[in-house]
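# Observations on chain architecture
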Amino acid sequence: MSTGPQPDTSPGAVPQGVPAPHAGAPIPAQHMPPQPGVPQHPVPPQPVPAHLIPAQPGPAGVPGPYPPVPAGPYPPVPAGHLPGPFPPAPAAPPHQPWPPQVPPHPVPMAHPLVPHPASAVPTPPAARPSGGGWRRVLRFNTVLAVLLAVLIGMVAWQNVRIGELSTALDSADRRLTELQQKDGGRLTDAESRLGALEKEVGGAFNVEKLAAAVLPSVFRVEAGPFTGTAFAVGPKASDGGTNLFTNFHVVESVYKDGGRTVKITRDGQRFDAKIVRVNKLRDVAQLHTTAKFTGLTVAKTPAKPGQQIIAVGAPLGLTDTVTSGVISAIRESGYEEGPMVQFDAAINPGNSGGPVINGQQEVVGITVAGYLNAEGLGLAIPIADACKLFTVC
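This one's a predicted model, so the numbers in the text were calculated from it and none came from an experiment.

## A look at the overall build of the chain
- Looking only at helices and strands, one finds 4 helices and 13 strands in the chain.
- Taken across its 393 residues, the chain has 28% of its residues classed as buried.
- When contacts within the chain are restricted to residue pairs at least 6 apart in sequence, long-range pairs at least 24 apart make up 61% of them.
- Total accessible area on the chain stands at roughly 25900 Å², and carbon and sulfur atoms take up 62% of it.

## Let's talk about the state of the cysteines
- Within the structure shown, the criterion is met by 1 disulfide.
- Two residues share a disulfide in this structure: Cys 387 and Cys 393, whose sulfurs sit 1.9 Å from each other. Measuring handedness by torsion sign, the sulfur bridge of Cys 387 and Cys 393 sits at about -85° and is left-handed.
- We classify Cys 393 as partly exposed; its relative accessible area is 40%.

## A closer look at the confidence of the model for the chain
- Taken as a whole, the chain shows an average pLDDT of 78; of its residues, 64% reach a score of 70 or greater.
- Note on residues 1–5: pLDDT under 50 across the span, and 0 contacts to partners over four residues away in sequence or across chains.
- Long-range and interchain partners of residues 21–31, a stretch whose pLDDT sits below 50, account for 30 contacts in this model, where long-range means more than four residues apart.

## Observations regarding the side chain of Gln 342
- Within the fold, Gln 342 resides in strand β10 (residues 340–343).
- Overall, the relative accessible area of 11% leaves Gln 342 in the buried class.

## Re helix α2 (residues 207–214)
- Among the residues of α2, those classed as buried are Leu 210, Ala 211 and Val 214. Looking down the long axis of α2, one finds its buried residues gathered within 100° of arc, a one-sided arrangement. Looking at α2, the residues exposed on the side facing more than 90 degrees away from the buried face are Glu 208 and Ala 212.
- Buried-residue contacts for α2 involve β1 (218–223), β8 (308–313), β9 (321–331) and β11 (355–358).
- One side-chain oxygen of the residue at the start of α2 lies 3.2 Å from the amide nitrogen of Glu 208, identifying that residue as Asn 206.

## Observations regarding unusual backbone geometry
- One non-glycine residue, Asp 320, lies in the positive phi region at around 55°.
- Tracing the backbone shows Asp 320 in the loop between β8 and β9.
- Using a relative accessible area of 33% as the deciding quantity, one classes Asp 320 as partly exposed.
- If you check the backbone angles, Gln 361 has positive phi at about 60° while not being a glycine.
- Note on placement: Gln 361 falls in the loop between β11 and β12 (362–370).

## Here's the deal with the packing of aromatic side chains
- Counting across every chain of the model gives 5 aromatic pairs.
- Following the ring pairs from residue to residue traces out a cluster consisting of Phe 219, Phe 271 and Phe 293.

## Thoughts on the nonpolar core
- Phe 231, Phe 245 and Ile 383 are the most contacted members of the largest nonpolar core, which has 26 residues in total.
- Of all elements in the fold, only α2, β8, β12, β13 (378–382) and α4 (383–389) reach the threshold of two or more residues within this core.
- Of all the elements, β12 adds the most residues to this core, at 4 residues.
- Counting residues in hydrophobic clusters, the runner-up holds 17 residues, among them Ala 223, Ala 230, Val 254 and Leu 287.

## A word on the pairing of strand β6 (residues 284–289)
- The buried count for β6 comes to 6 of 6 residues, which makes it a mostly enclosed element.
- The pairing of strand β3 (residues 242–246) with β6 spans 5 bridges and is classified as antiparallel. Residue pairing across strands places Leu 244 opposite Leu 287, the latter belonging to β6.
- With 5 bridges joining them, strand β5 (residues 269–279) and β6 adopt antiparallel strand pairing. Paired with Ile 275 across the bridge in β6 is Leu 287.
- Counted along the chain from β5 to the antiparallel partner β6, the turn is 4 residues long, and its residue Asp 283 has a positive phi close to 60°.

## Focus: the sheet that holds β3
- Strand order in this closed barrel of 6 strands is β1-β2-β3-β6-β5-β4, and the pairing throughout is antiparallel. Averaged over all pairs of adjacent strands, the angle between their axes in this sheet comes to 40°, without regard to strand direction.
- Of the pairings in the sheet, the one linking β1 to strand β4 (residues 261–266) comprises 3 bridges and is antiparallel in character. Counterpart to Arg 220 in the pairing with β4 is Thr 265.
- Set on the sheet, helix α3 (residues 248–256) makes contact with β1, β2 (226–232), β3, β4, β5 and β6; between it and β1 the angle comes to about 35°.

Cut-offs and rules
Per chain, residue numbering runs from 1 following the sequence as it is written. Two thresholds apply to this predicted model, a pLDDT of at least 70 for residue-level local features and 80 or more for giving and counting side-chain atom pairs, whereas whole-chain, interface and lining totals are computed over all residues. In computing side-chain values, all of the structure's heavy atoms are included and hydrogens and water are not. Helix and strand definitions follow DSSP, with helices as H or I runs of at least four residues and strands as E runs of at least two, each counted in order from the N terminus. Throughout, exposure labels follow a simple rule: accessible area from a 1.4 Å probe, protein chains only, divided by the maximum for the residue type, with under 20% read as buried, over 50% as exposed, and the rest as partly exposed. Residue contacts are defined here by distance: any two heavy atoms, one from each residue, within 4.5 Å place the two residues in contact. Per-residue accessibility takes into account occlusion by the displayed protein chains alone, with areas from the Shrake-Rupley method and a 1.4 Å probe. When two cysteine sulfur atoms are found within 2.5 Å, that pair is recorded as a disulfide. The predictor attaches a confidence to each residue, and that confidence, scored 0 to 100, is pLDDT. Relevant arc is that of directions from the helix axis to the C-beta atoms, nothing else. Two N or O atoms count as a polar contact when they lie within 3.5 Å, although within protein this holds only if one can serve as hydrogen donor and the other as acceptor, and sequence-adjacent residues are included solely when both atoms are side-chain atoms. Stacked, edge-to-face and tilted are the three classes for Phe, Tyr and Trp ring pairs, Trp counted by its six-membered ring, which pair at centre distances within 6.5 Å; planes under 30 degrees apart are stacked, over 60 edge-to-face, the rest tilted. Throughout, nonpolar core names a set of buried Ala, Val, Leu, Ile, Met, Phe, Trp, Tyr and Cys residues whose side chains join them through atoms within 4.5 Å. Pairing between two strands requires that DSSP report at least two bridges joining them. For helices, the fitted line uses only the C-alpha atoms of the stretch in contact; every axis is such a line through C-alpha atoms, and the angle between N-to-C directions lies from 0 to 180 degrees.

In structure tokens, the structure reads:
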């Protein structure tokens with residue numbers, strides 16, 4: 001004998017397995033098939049007692065509003081959930097008592113659920129740094145600001161130093177320019193002084209230099225039994241030859257004998273020289289040779305005491321003899337008529353007719369005589385007097 005629950009067969013009971021209709025919903029009349037011998041009476045619809053429908057939970061963790069409930073038909077709902085529509089009940093077993101089971105009809109919802117508007121799932125806000133994160137960001141910004149300030153300070157300091165260095169460099173450049181200008185002025189001054197010194201040195205008395213310049217124009221004269229000295233003077237002669245001066249007493253024996261030709265010697269070569277004119281009073285004779293030699297320059301200013309001179313001649317027949325000294329005095333009267341130049345350069349017989357040369361390689365006199373038994377006492381005819389007598393200078 002079964003001890004389980006028995007189906008409710010009382011009138012109006014809902015067949016087992018059929019969900020209960022919605023509370024308050026009218027139940028349609030049951031249509032029974034006609035039974036023979038049984039009078040037919042319509043069954044009025046019976047109201048179902050209203051009862052509360054529990055609220056249906058929405059999506060987990062998301063509060064309402066809920067999405068709209070789609071319209072039926074609905075799938076089967078287990079007991080305890082929202083009713084209907086209900087699936088058809090299984091056929092009653094053959095032994096089901098009266099009243100027979102009528103196939104259920106869908107029961108509409110007495111109160112359809114109010115559709116809820118579609119809820120937009122809110123986008124979760126962007127994660128913000130926590131308090132510790134903000135502190136880290138603040139510390140990083142502070143360090144960055146400090147580094148930036150240090151960098152700006154270093155750049156500013158470097159700019160200041162560059163400005164100071166530029167100023168110092170400009171000052172050094174100006175100072176260097178000033179020094180260069182001063183040095184340039186000093187160098188110019190030194191060059192001027194050096195030029196003056198060179199000129200002075202060049203004009204200084206140099207016996208060697210003087211001798212080298214005048215010796216090629218000085219000759220030994222051979223006039224009969226006598227020898228003396230002659231020198232080329234002035235420009236070339238009209239015929240291209242050379243004019244010479246000597247003393248008259250050197251060629252006197254030849255001239256008195258009627259001869260007019262003497263011999264002159266230079267570097268071992270002998271040349272003929274013609275006696276052109278003589279002046280017995282001033283003891284001067286003019287010679288001429290067709291050979292070409294350079295004439296010595298005549299001084300334009302008279303000799304003065306103290307001037308350094310050299311005397312060139314052939315004493316005792318010794319050619320190219322050079323002695324040096326100074327002008328001792330200018331004698332207004334002397335060996336011959338007229339003034340005489342006294343000098344202390346050593347002379348000997350054979351120097352007669354030779355030139356007396358100053359420091360500018362100019363002829364200042366013609367050696368004429370020396371005092372016997374005396375040293376450093378010679379006389380010369382002023383060259384200006386000879387040039388006045390013979391126009392060959």
